[in-house]
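Letter by letter, the chains look like this.
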Amino acid sequence: MKRLALFVILPALLSQTARAEFIFEQAYEQILTAGSTVSLDGGDFNNDGFPDFVVTCCRYYSYLFIFQGNGDCTFNLTTSVVTYSMGSITVNDFNNDGNVDLLIGEGWRDYLGYHESDVIHRFEGHGDGSFTELSALTAENIWVTADDLNGDGNDDIVISDIDAYNGEVLVKLGNGDFTFQAITGYDIPGGILHTTQILGDMNLDGNVDIGLINYCDNITFLYGNGDGTFQSATVVADQHSAAGSYGFIRIGNLNEDGMPDMAATGSMAMSSYDEVLLWDSGGGYLYSSVDSICNGGNWIEIEDFNMDGHLDIAVSSFNYGIVLPGYGNGHFANGSDSLLLKSAGATYGVLAEDFDLDGDQDLIFVGGASTCCYRNTTLTQGCTGETACGISDLTFSVSPNPFSSSVAIEVSGNHSVGASIQIFDVSGRLITELEPVSSEGVYLWDGKSSSGVEVPSGIYAVKCCSGNAVSSSMVLKLE
């Protein structure tokens, strides 16, 4: 899925605390009686500006559920039944015509084992919510995903190919017309649990990398060369215990040190606790486990859901769907400080998107029985006025808000001496750190990153820290 470009104007300054509770409300539920959910992805299928999503289910028959969004976290559902199995699905504009297309592999896996297939189906989108099935591709698959691997503007595909306890990652570069070049294969010692994912630049060399969880409990990367080819498999984390049908990796700067970290799940109730792994260049592997987030996790999303400047984790698991607020140091809330959203049976997938176009990330949880949308109320329920909701009496004002060229941040309170001001984007990435321009605790932000590059319009988190006192607010930058 390619994230939709959305824009929102805030009527007033909004501030949040670090906890996730009460920020989500269920806005939509659709009972699915078709069987087990296998995969989901999102995009704007009918070009109306409202985010949509699609779900595949496979049990006795295969179902393709297309949910077209109304822009308010509700959806109109259309259902298609096919005679072949439906596994993973990826949504991209494969022929560069401005309309999103669907790529669906027949291979899938559940608790009974692997259901591998050599067929991948192509559905061309027409921009009105309808699709036409084209001739299928031939490639052994258990999971298929897509993105631009070589920077040529065309979407390429990455395929998990599993043979007993051995595995292979297959790469097919796109031609930009929904056709693909010959397969290049990469051996994976220890096999592949299920998913193979395009992660982004994990070694900071500017190239896209691929990651997966091994059947033998390691996490393995294929580092990209920038031209659509990849280096040999490298184990980057040891003994990430996994079992069952799914195992997912999501990346983010989880301890705010500027390095790419990750959270990984193991799937099913028999797996060990799902983990947060931080970049550790001095260790025997590149990543070290620092926290447990839940047990039996399946799909995972990493976003700043409560918009406090720290990345949070949403997990669909064997027993529930849950949101874990982040503290910005690689650790996440659990127990009463986490937010249980969906508890009726297993949730196999989760998808984060701004479905109501208000500027914060909403959540879709899908399971064997139902699909639910949870509206994020952070921006509509946040504190109002110019007093932050932070800890202690450390407060600050932001003016003007929204702003276009520069914004003044004035810190007050007993803890204001020596305060530091940091600016984050909504993904939790640190944009810049400000220095005071006067002894009265006044800071100025010119809307640029620490490297002097103008940041795009949008919502940014302003975080103020002094000793153990922390306060945060939101600011909107306009063109």
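This text gives an overview of the structure that appears in the document. (Residues numbered from 1 in each chain as written. Predicted model: local features only at pLDDT ≥ 70, side-chain atom pairs only at ≥ 80, totals over all residues. Heavy atoms only, no water.)

Quick word on the sheet that holds strand β1 (residues 24-31)
Logical step 1: Judged by pairing direction, the sheet is antiparallel, and its four strands sit side by side in the order β1-β31-β30-β29 without closing on themselves. Only two strands of the sheet have a single neighbouring strand rather than two, namely β1 and β29 (347-353). Shown here is a sheet whose adjacent strand axes are inclined to one another by a mean of 20°, direction ignored.
Logical step 2: Summarising the sheet, strand β30 (residues 362-367) and strand β31 (residues 370-376) pair through four bridges and their orientation is antiparallel. Bridge pairing links Ile364 to Cys373 in β31. (Pairing = 2+ DSSP bridges. Helix = DSSP H or I, 4+ residues; strand = E, 2+ residues; numbered from the N terminus. Axes fitted to C-alpha atoms, helices over the stretch in contact; angles between N-to-C directions.)

Points about unusual backbone geometry
Logical step 1: Note the cis peptide between Ser399 and Pro400, where omega equals -5°.
Logical step 2: If you trace the backbone, Pro400 turns up in the loop between β32 (395-399) and β33 (407-412).
Logical step 3: Note that the residue after Asn401, namely Pro402, is joined by a cis bond; omega there is 10°.
Logical step 4: Assignment of secondary structure puts Pro402 in the loop between β32 and β33.
Logical step 5: At Asn47, a position not held by glycine, the phi torsion is positive, near 55°.
Logical step 6: Of note, Asn47 is situated in the loop between β2 (36-43) and β3 (52-58).

A word on the nonpolar core
Logical step 1: Of all hydrophobic cores here, the largest spans 65 residues; its most connected members are Phe24, Val169, Val171, Ile313, Leu363 and Ile364.
Logical step 2: Ignoring anything within four residues of it in the chain, the contact list for Val171 reads Leu149, Ile157, Val158, Ala182, Ile183, Thr184, Tyr186, Ile210, Gly228 and Phe230.
Logical step 3: Val411, Ile421, Tyr443 and Trp445 belong to the second largest nonpolar core, which has 18 residues in total. (Core = buried A, V, L, I, M, F, W, Y, C linked by side-chain atoms within 4.5 Å. Buried < 20%, exposed > 50% of the residue type's maximum accessible area, 1.4 Å probe, protein only. Contact = heavy atoms within 4.5 Å.)

A few points about the pairing of strand β6 (residues 89-92)
Logical step 1: Burial of the side chains of β6 extends over both faces: Ile89 and Val91 are buried on one face and Thr90 and Asn92 on the other.
Logical step 2: In this sheet, strand β7 (residues 101-105) lies alongside β6 in antiparallel orientation, the contact comprising four bridges. Paired with Thr90 across the two strands is Leu103, which belongs to β7.

What to know about the packing of aromatic side chains
Logical step 1: Counted according to the given criterion, the structure contains 23 aromatic pairs.
Logical step 2: A ring pair is formed by Phe53 and Phe67, whose centres lie 4.4 Å apart and whose planes are at 5°; its orientation type is stacked. Placement of Phe53 in strand β3 and of Phe67 in strand β4 (residues 62-69) is noted, with a sequence separation of 14 residues between them. Assigned by exposure class, Phe53 and Phe67 land together as buried.
Logical step 3: Their ring planes at 80° and their centres at 5.3 Å tell us that Phe75 and Phe355 sit as a pair that is edge-to-face. In this pair, Phe75 sits in strand β5 (residues 75-82) while Phe355 sits in the loop between β29 and β30, placing the two residues 280 residues apart along the sequence.
Logical step 4: The exposure class assigned to Phe355 is buried, which follows from its relative accessible area of 1%.
Logical step 5: Three or more aromatic residues joined by ring pairs make a cluster, and in this case those are Tyr28, Phe53, Phe67, Phe75 and Phe355. (Phe/Tyr/Trp six-rings, centres within 6.5 Å; stacked < 30°, edge-to-face > 60°.)

Considerations on the side chain of Asp291
Logical step 1: Structurally, Asp291 is set in strand β24 (residues 287-295).
Logical step 2: Overall, Asp291 belongs to the buried group, its relative accessible area being 16%.
Logical step 3: A polar side-chain atom of Asp291 sits 2.9 Å from the main-chain amide nitrogen of Phe332. (Polar contact = N/O pair within 3.5 Å; in protein donor to acceptor, adjacent residues only side chain to side chain.)

Some remarks on the pattern of salt bridges
Opposite charge on two side chains permits them to pair, given that their charged atoms come into close proximity.
Logical step 1: Applying the stated rule across the entire model yields five salt bridges.
Logical step 2: The partner of Glu25 in a salt bridge is Arg375, with the nearest N and O atoms 2.7 Å apart. Of this pair, Glu25 sits in strand β1 while Arg375 sits in strand β31, placing them 350 residues apart in sequence.
Logical step 3: The class for Glu25 is partly exposed, based on a relative accessible area of 38%. (Salt bridge = Lys/Arg side-chain N within 4 Å of Asp/Glu carboxyl O.)

Structural notes on the sheet that holds strand β25 (residues 297-303)
Logical step 1: The four strands are arranged β25-β26-β27-β28 in an open sheet whose pairing can be described as antiparallel. Two strands lie at the open edges of the sheet, namely β25 and β28 (339-342), each paired on one side alone. Recorded for the sheet is a direction-independent mean angle of 20° between the axes of neighbouring strands.
Logical step 2: Sheet analysis places β25 next to strand β26 (residues 312-317), joined by five bridges and oriented antiparallel. Bridging across to β26, Gly297 finds its partner in Ser317.

A few points about the environment of Ser466
Logical step 1: Secondary-structure assignment places Ser466 in strand β37 (residues 458-466).
Logical step 2: When the C-alpha positions of Ser466 and Ala419 are compared, they lie 4.4 Å apart, and in sequence the two are 47 residues distant.

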